[in-house]
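One-letter residues, chain by chain:
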Amino acid sequence: MDTAKTKTVITVVGARPQFVKAGPVSRALQQEGLREIIVHTGQHYDEGMSDVFFRELGIPAPGYHLGAGGGRHGAMTGRMLEKIEEVLLKEQPDALLVYGDTNSTLAGALAAAKLHIPVAHVEAGLRSFNRRMPEEVNRVCTDHLATWLYCSSDHGANQLRTEGIVNGVMVVGDVMADVFCGTRTQIEAEPAFLAKIRSGAGGDYDLLTIHRADTASNVGKLKALLEVIGDTGRAVLFPMHPRTRLLLDEAGVTVPEMIKVLPPAGYREMVGMLLACQRVITDSGGLQKEAYWAKKPCITLRNETEWVETLVDGWNVLAGVDPATVRKCLQTTAVPGNHPLLYGDGQAASRIARHLAEVLRG
């Protein structure tokens, strides 16, 4: 291997959580002297779900913007696969880096693997064991294509071993912790920022997000959930995903009065709303972790979670989407006492970049 040549890593991103994770890793790759080219698939193309994160988190501008978002899962993934392959053939990178479990992740990993380009997967080993979720299909396939698998916890590494994946597996911690810890420190130094959020909510409030297909594509199910959540007697801030808003608007559904609908939030604003809230209600994977780090009880609108460690001490409760069960969970939420450190010490990005620099330079 030519160690004198600067090594190139292509990073494929396309959705909000990936932009957040890419911030610290991009900086760490630069510090290690690696050249990074960011490929934005366009899976999230709304300004509030995409561009704002590049600005806020100081992520380098994408070298390529593929504009391949929208449509059904298979069609979207196919467009991404074709366009990513073109980029890889042109750039001839030394490795490809992907995050999490989106269609962009799978398309990037598959394109690279077919061209014999090593794949690095951040957040490897997560499983919900629900193959009806497209995210589960994406993460399983990506793990089995990856050369290097960076796990957020021992649980992920152990799961990979049960699937026969033992080479290239490392527990590095969670890069979301890197971002969250730094952002929380900045916000906590600005009490006026948190006070403004509480004032806008009118006092104590819950923080709600709903975006997964299981809940955000069935208007009857979504309407019933919102009615239960809006009937707690406490205000609810709801930064709404564009897909969820479109569903409600097309069906003419009126959101309950206690739920304040907001546009999609940037990362800093979202962490601020999290730190100032009383509890979290979500179907998001990332927000479950962030709620834990913020010491906020979380009610998850799913029957399973990849982040099983958050369930152990009761910080996270799986409520599913049955309105009666969700109502019961909303009525019985308590703040647990025990709060062990989960998902690393905020140095995951440095470990990932250091390892990539070592293996690429030989």
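Residues numbered from 1 in each chain as written. Predicted model: local features only at pLDDT ≥ 70, side-chain atom pairs only at ≥ 80, totals over all residues. Heavy atoms only, no water.

Undergrad: So what exactly am I meant to see when it comes to the overall build of the protein chain here?
TA: When helices and strands are tallied, the protein chain shows 15 helices and 13 strands. Principal-axis analysis of the C-alpha atoms gives the protein chain an extent of 65 × 40 × 40 Å. By the burial criterion, 55% of the 362 residues in the protein chain qualify as buried. In the protein chain, the proportion of contacts linking residues at least 24 apart, taken out of those at least 6 apart, comes to 67%. Put simply, the protein chain has 38 plus and 41 minus side-chain charges, and the middle of one group is 1 Å from the middle of the other. (Helix = DSSP H or I, 4+ residues; strand = E, 2+ residues; numbered from the N terminus. Buried < 20%, exposed > 50% of the residue type's maximum accessible area, 1.4 Å probe, protein only. Contact = heavy atoms within 4.5 Å. Lys, Arg positive; Asp, Glu negative; His and termini not counted. Charge placed at Lys NZ, Arg CZ, Asp CG, Glu CD.)

Undergrad: Can you walk me through helix α13 (residues 285-293) in this structure?
TA: Count 3.6 residues to each turn of an α-helix, and residues three or four apart come out pointing the same way. Most of α13 sits out of view: eight of its nine residues are buried. What α13 keeps buried is the set G285, L287, Q288, K289, E290, A291, Y292 and W293. Sitting at the head of α13, S284 places a side-chain oxygen 3.3 Å from the backbone nitrogen of G286. One or two positions beyond α13, positive phi appears at K295, with a value near 60 degrees. (Polar contact = N/O pair within 3.5 Å; in protein donor to acceptor, adjacent residues only side chain to side chain.)

Undergrad: Explanation requested: the pairing of strand β8 (residues 205-209) in the structure shown.
TA: When you tally the buried positions in β8, you get five out of five residues, the bulk of the element. Every second residue of β8 is oriented toward a common face, with Y205, L207 and T209 on one face and D206 and L208 on the other, all of them buried. The pairing of β8 with strand β9 (residues 235-239) spans three bridges and is classified as parallel. By the bridge assignment for β9, Y205 is matched with A235. Across four bridges, the pairing between β8 and strand β11 (residues 279-282) is parallel. Residue D206 lies in a different strand from β11, and its bridge partner there is R279. (Pairing = 2+ DSSP bridges.)

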